[in-house]
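Structural overview for review
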Amino acid sequence: MVAFSQLLAIPHLHLRLVQSGAGDPTITWVSNTELLDLGSYLEGGEIVLTTGLALAHDDRRWRDFVAGLNRARVAAIGFGIGVNHERIPKPLVQAASAYRVALFEVPLPVPFIAVSKAVAELLRADDLGAARGALQAQQRLLEGARGEQQPAEVLASLAQATGKHLALLGSDGGTLAATAGFASAAEAAEAEVIDLDAGGRFQLAIAGGSPLSAEGRSIVAAGAMVLGLALGENRAENARERERWERLTAALLARGSAVQGFGILAPGLEPPGRVRVLAVQGTAEDLASWRRKPRSGLDRLVASNDAPAPAPGVGRAWQIVDDHPGALDTALATAASYNLDVVVGRPSPLADAVQSRRSAAGRLRALSPTAPLYTAPRVPAVIWADRDTPILEALLELDAADARDAAGSDAGTGAAGSGAAPMSQRVLGPLSESYDALAPDAMSAEDRAMLRETLHALFAANGQRGPTAATLGIHRNTLRDRVARIERVTARSVSDPDDRAELWIALRLEAAVAPERSQ
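The structure contained in this document is the topic of the report that follows. (Residues numbered from 1 in each chain as written. Predicted model: local features only at pLDDT ≥ 70, side-chain atom pairs only at ≥ 80, totals over all residues. Heavy atoms only, no water.)

Brief notes about the overall build of the chain
For the chain, the count of helices and strands is 20 helices and 17 strands. Counting over 519 residues, the chain shows a buried share of 44%. Considering only residue pairs separated by 6 or more positions, the chain has 67% of its internal contacts joining residues 24 or more positions apart. As displayed, the chain offers around 26300 Å² of accessible surface, 53% of which is attributable to carbon and sulfur atoms. (Helix = DSSP H or I, 4+ residues; strand = E, 2+ residues; numbered from the N terminus. Buried < 20%, exposed > 50% of the residue type's maximum accessible area, 1.4 Å probe, protein only. Contact = heavy atoms within 4.5 Å. Areas by Shrake-Rupley, 256 points an atom, 1.4 Å probe, with all protein chains shown as cover.)

So this is what it looks like as structure tokens:
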């Protein structure tokens, strides 16, 4: 696509912007006219050039002229001065401002044909760039066919290159693999279906609003070829082994009892005593390449992330790494070589890897969801859950020490449950996830989640009520009532800086322990 700003930036034309429009419109073509009503001859996105031959300098019909072009969704109006008018008529400038249509000045001796040629050159360069990008995407897809690309990986590459949602369908119409968002996109508009083999055993479904461009169709054709080849071949043994290790990793991240799986998959491999869980993030293509690399030993402890993607074209995965400097350095260097960002979880026993995963998940929001897509060159980010937040870590350790002391005191006296409540509970009260559900002042899970969401949104908006209400999609009066409830149940005021700090730290403490519940 060619933007209006690209035309203005051409130095030898000496074009001057007089009135900006809505955003930076896309240019589709150029049209010269001295007609008063050209709208019915336009398709949208055109640059309309005129010298104002049909209208006087103070003619009121300038407003009708601009209104017609606005209805036709033109990109901008170019006015040539020095031919019929020495300067752009004031009524034209006022009308362009009222309708938010971009207006620029074409000075003498620049002819309209020079502007037309410049636009044609920009469009040609854009077409060449699109064709070049399509060719590169096809090459990447075909190169992947020589490896062991899984259908989901091919679909992710196609989605990133075309901006569409795709799915692999079986002969019964069931979805075998799909990109995030395919189901909703297919509901909004009927998906286009392509047979991948002569028997119709597999089909590729494409959804996503606007039709595919010629370049997009060529990319999809290459992807369909790769999928057809992959589905027609037997899976290699290392692919089956990778799936077994992924299932073991997923089980370790969900429950500690899966440690015994080491003895089944690798009888001679000693399980690590302490591990760190890495949350890995990057483009779908880079992430697929990282997961597909040859692995051995504990390096095979890799699993996919089933949570929704942080942004279109961006994916996440998990890796369990031995908490040893050599193993960690190797894992981080490997991720960086694939241009992947990493969050390193806190160390934990292998049987309690879920805690390390939770700490890494709690820091994932510190990673940019768009930097892997739009920043180049870039240095992949590495965030340590236990090093980048020293104050939070100190509070967590203090809370853990209090819990140990309370447990020891209970064991010595024979009492049960007499220990002090966690710090976060002492601050948040009924808003705490660990608050006793049977307490007289306990609230329902729905109310607690609603008020916690409100408090998070208020902090994210730096305490500003208007943006907070807009984020939550509620009226300011509703927000005021919720804030009043929060202040009542916590006995703290969101207007007081000390109280705000305590509330925020309490939320962060709970998020560090169980981010899935606390976000």
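Further notes follow.
Topic: the pattern of salt bridges
Evaluated as defined, the whole model comprises 13 salt bridges. A salt bridge links arginine 61 to aspartate 59, with the nearest nitrogen and oxygen atoms 3.0 Å apart. Classification of arginine 61 as partly exposed rests on a relative accessible area of 39%. Close ionic contact of arginine 492 with glutamate 502 constitutes a salt bridge, the shortest N to O distance being 2.6 Å. Separated by 10 residues along the polypeptide, arginine 492 in the loop between α18 (476-490) and α19 (497-513) and glutamate 502 in helix α19 bring together distant segments of the chain. Take arginine 492: its relative accessible area is 18%, and that puts it in the buried class. (Salt bridge = Lys/Arg side-chain N within 4 Å of Asp/Glu carboxyl O.)

Focus on the pairing of strand β7 (residues 102-106)
The buried fraction of β7 is high, at 5 of 5 residues. A two-sided burial pattern is seen for β7, the buried positions comprising Ala102, Phe104 and Val106 on one face and Leu103 and Glu105 on the other. In this structure, strand β2 (residues 16-19) lies alongside β7, joined through 3 bridges in antiparallel fashion. Within the sheet, the bridge partner assigned to glutamine 19 lies in β7 and is leucine 103. Both strand β6 (residues 76-80) and β7 contribute to a ladder of 5 bridges, which runs parallel. (Pairing = 2+ DSSP bridges.)

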